[in-house]
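Listed below are the residues making up each chain.
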Amino acid sequence: MRIKRFKTKKEKRERRHLKVRAGLTGTALRPRLSIFRSNKHIVAQLINDELGQTIVAASSAEVKGVKNKKGDFVKIKQSEGVGQLIAERAKAKKITKAVFDRGGYRYAGRVKAVADGARAGGLEF
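Numbers given to residues run from 1 along each chain, matching the order in which its sequence is written. A pLDDT threshold of at least 70 governs which residues receive local features in this predicted model, and a stricter bar of 80 or more applies before side-chain atom pairs are shown or counted, although totals over entire chains, interfaces and linings include all residues. Side-chain measures here rest on the full set of heavy atoms in the structure, leaving out hydrogens and waters.

Undergrad: How should I be thinking about the overall build of the protein chain in this particular structure?
TA: The helix count covers DSSP runs of H or I at least four residues long, the strand count covers runs of E at least two residues long, and both are numbered beginning at the N terminus. A tally of helices and strands in the protein chain yields three helices and four strands. Mapped in sequence order, the helices and strands of the protein chain form the string α-β-β-β-α-β-α. Principal-axis analysis of the C-alpha atoms gives the protein chain an extent of 55 × 45 × 20 Å. Partly exposed residues are those whose accessible area sits between 20% and 50% of the maximum for their type, while under 20% is buried and over 50% is exposed, using a 1.4 Å probe and protein chains only. Taking all 125 residues of the protein chain together, 38% fall into the buried category. A sequence separation of at least 24 residues applies to 59% of the contacts in the protein chain between residues at least 6 apart. Carbon and sulfur atoms make up 52% of the accessible area of the protein chain, which totals about 8,500 Å². In the protein chain, 32 positive and 11 negative side-chain charges are present, and the distance between their average locations comes to 7 Å. Any pair of residues with heavy atoms lying within 4.5 Å of one another is described as a contacting pair. Computed by Shrake-Rupley with a 1.4 Å probe, the accessible areas treat only the displayed protein chains as cover when residues are assessed. Only four residue types enter the tally: Lys and Arg on the positive side, Asp and Glu on the negative side, with His and both chain ends excluded. Charge placement uses NZ in Lys and CZ in Arg. For Asp and Glu, CG and CD serve respectively.

Undergrad: Just checking my understanding: could you explain the side chain of Arg32 for this structure?
TA: Take Arg32: it is sitting in strand E1 (residues 32-37). Two N or O atoms count as a polar contact when they lie within 3.5 Å, although within protein this holds only if one can serve as hydrogen donor and the other as acceptor, and sequence-adjacent residues are included solely when both atoms are side-chain atoms. Polar side-chain contacts of Arg32 include one of 3.0 Å to the side chain of Asp49. Excluding anything up to four places from it in sequence, Arg32 contacts Arg21, Gly26, Gln45, Leu46, Ile47, Asp49, Val99 and Asp101.

Undergrad: What exactly am I supposed to notice about the sheet that holds strand E4 (residues 99-101) here?
TA: Strands are labelled as partners when DSSP assigns at least two bridges between them. What the four strands build is an open sheet, ordered E3-E2-E1-E4; its pairing is mixed. At either end of the open sheet lies a strand with only one pairing partner, and these are strand E3 (53-59) and E4. On average, each strand axis in the sheet is inclined to that of its neighbour by 20°, with strand direction left out of account. Helix H2 (residues 74-92) rests against E1, strand E2 (42-48) and E3 of the sheet, and its axis sits at about 140° to E3. Every axis in this analysis is a line fitted to C-alpha atoms, fitted for helices over the stretch in contact. Angles between the N-to-C directions lie between 0 and 180 degrees.

Undergrad: For this particular structure, what's the right way to read the environment of Phe6?
TA: Inspection of the secondary structure puts Phe6 in the segment before helix H1 (9-21). Note on Phe6: relative accessible area 67%, which makes it exposed. Taking C-alpha positions, Phe6 is 35 Å from Ala98, a pair spaced 92 residues apart along the chain.

Undergrad: Explanation requested: the packing of aromatic side chains in the structure shown.
TA: We describe a pair of aromatic rings using the distance from one ring centre to the other and the angle between the two ring planes. Note on ring pairs: Phe, Tyr and Trp rings are taken, using the six-membered ring of Trp, and paired if centres are within 6.5 Å. Classes follow the plane angle, with under 30 degrees stacked, over 60 edge-to-face and the rest tilted. Within the structure shown, the criterion is met by two aromatic pairs. A ring pair is formed by Phe100 and Tyr107, whose centres lie 5.9 Å apart and whose planes are at 85°; its orientation type is edge-to-face. Among the aromatic side chains, those forming a connected cluster through ring pairs are Phe100, Tyr107 and Phe125.

Undergrad: Would you take a moment to explain the packing of H2 against helix H3 (residues 110-120) for this structure?
TA: The description of two packed helices rests on the angle between their axes and on the distance between the axes. Two elements in contact, H2 and H3, have axes separated by 7 Å at closest approach and are oriented at 40°. In terms of orientation, H2 lies oblique with respect to H3. The handedness of the crossing between H2 and H3 comes out as right-handed. On H3, the residues that touch Lys75, Ile76, Ser79, Glu80, Gly83, Gln84, Ile86 and Ala87 of H2 are Arg110, Ala113, Val114, Gly117, Ala118 and Ala120. Only Asp, Glu, Lys and Arg are considered charged in this grouping, and only Ala, Val, Leu, Ile, Met, Phe, Trp, Tyr, Cys and Pro are considered nonpolar; every other residue, Gly among them, is considered polar. When its residues are assigned to classes, the contact of H2 with H3 shows seven nonpolar, four polar and three charged. The cut-offs work like this: below 35 degrees is roughly parallel, past 145 is roughly antiparallel, 65 to 115 is roughly perpendicular, and the gaps in between are oblique. Rotating anticlockwise by less than a right angle from the far helix to the near helix defines a left-handed crossing, while the corresponding clockwise rotation defines a right-handed one.

As structure tokens, then:
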């Protein structure tokens with residue numbers, strides 16, 4: 001029997017995500033802000049883990065007005081927009097606090113931009 005030693009990037013990220021999730025739970029008063037990052041888009045969701053429901057969601061596909069200029073970091077600006085959009089939608093549902101779940105990704109770049117955008121929109125972590 002041969003043991004598989006090397007794992008794919010996806011398997012490694014999923015394992016890290018399970019470790020992060022072990023200490024986080026979202027409630028109705030303080031839902032979990034979950035991040036999913038693909039090569040093209042970034043998605044953020046506020047999740048109530050007690051009921052297993054997504055309260056609000058936002059995606060970079062919904063963020064308009066970010067144009068590509070030479071030397072410009074478009075995906076990071078879109079990610080900030082996603083953070084502000086999720087904070088705006090959370091305010092509409094009277095949610096001001098959340099628990100940040102980075103989804104197994106490093107807290108840098110687009111993931112950090114979502115968090116900063118959400119904080120700028122009025123969401124507290």
